[in-house]
Amino acid sequence: MDEAHARDMDEAHARQETPGGRPRGTPDRVPAGSPGRPVRVFLVDDHEVVRRGVRDLLDAEEDIEVVGEAASAGRALARGPALRPDVAVLDVRLPDGDGITVCRELRSRLPGLACLVLTSFDDDEALLDAIMAGAAGYVLKEIKGTDLVAAVRVVAAGRSMLDPATTARLMSSLRGEEADEPREPDALSGLSPREAEILGLIGEGLTNRQIGRRLYLSEKTVKNHISRLLAKLGVERRIQAAVLATQAGQHSPEHGPVPH
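Residues numbered from 1 in each chain as written. Predicted model: local features only at pLDDT ≥ 70, side-chain atom pairs only at ≥ 80, totals over all residues. Heavy atoms only, no water.

Observations concerning the pairing of strand β6 (residues 114–119)
Let me state the cut-off plainly: Throughout this description, buried means an accessible area under 20% of the type-specific maximum (1.4 Å probe, protein chains only), exposed means over 50%, and partly exposed covers the range between. Helix numbering and strand numbering both begin at the N terminus, where a helix is a DSSP run of H or I of at least 4 residues and a strand a DSSP run of E of at least 2. Should DSSP find at least two bridges between two strands, the strands are regarded as paired.
Most of β6 is tucked away, with 6 of its 6 residues classed as buried. Every second residue of β6 is oriented toward a common face, with A114, L116 and L118 on one face and C115, V117 and T119 on the other, all of them buried. Inspection of the sheet shows strand β3 (residues 87–91) paired to β6 by 5 bridges, in the parallel sense. Paired with D91 across the two strands is L118, which belongs to β6. The sheet contact formed by β6 and strand β7 (residues 137–140) spans 4 bridges and is parallel. Bridging from a neighbouring strand, L118 pairs with V139 of β7.

Following this line, the structure appears as structure tokens:
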């Protein structure tokens, strides 16, 4: 009944029209959040009450439109791409998978999608996984309604809800180092151009197969490069490399610090 309700809501929403007569969901070139172009949001949570509450909260805003919802990872991946959302609000724990995987898969199909992970668990491991999957934000369900609305607007605008100080603290904790003794810049400088390129793609949340396709390399070659770059960085896990890649991007002169 829960899945059927979500599907009916999607189909009913798709039949509605905007005041100008344009069917909802019709693509246009106006930036998300602009007048006449609300931020399109896709909700993924296995609890109907949570989905309904978030939908009501977001739909009450003139510049935000919930275009669909799903109660499972499978339904999210089946529905999400066709809805062309700007933002996906994802629960971490789903009955047939997890929101982190959904984030990674949806972003591989919709490169411009911003994923906002919404969870009940303050879990450093899940946060690191979210960073690796390319999530733009990670917030707890205890967040105030007004703050959740603001978070959706922030990630829709291409900014991050991942505080650089938080990622730095997590990285220091993983490496067993004090926060005031960073050694990442020296380690990064020792990477070859190809290794640095692959590290950047890891930070974007790409899988080995996706990296291979992007760089025209075999998956085995990608694995070999990753093994070498992990050794050079002095880390053992891929998610640690992903955090380093995120930090490098945040402090790059080209990009500057990530707003939060």
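Looking at the packing of helix α9 (residues 193–203) against helix α11 (residues 219–233)
Selection criterion: Angles run from 0 to 180 degrees between N-to-C directions of axes, and those axes are lines fitted to C-alpha atoms, restricted for helices to the stretch in contact. In what follows, roughly perpendicular refers to angles from 65 to 115 degrees, roughly parallel to angles under 35, roughly antiparallel to angles over 145, and oblique to any angle outside these ranges. The criterion used for residue contact is that any of the two residues' heavy atoms lie within 4.5 Å. The classification used treats Ala, Val, Leu, Ile, Met, Phe, Trp, Tyr, Cys and Pro as nonpolar, Asp, Glu, Lys and Arg as charged, and all other residues, Gly among them, as polar.
Relative to each other, α9 and α11 sit at 95 degrees, their axes nearing to 10 Å. With respect to their mutual orientation, α9 and α11 come out roughly perpendicular. Seen from α9, the contacting residues are R194, E195, I198, L199 and I202; seen from α11, they are H225, I226, R228, L229, K232 and L233. Its residues assigned to classes, the contact of α9 with α11 shows 6 nonpolar, 1 polar and 4 charged.

Keep in mind these numbers describe shape, not what the thing actually does.
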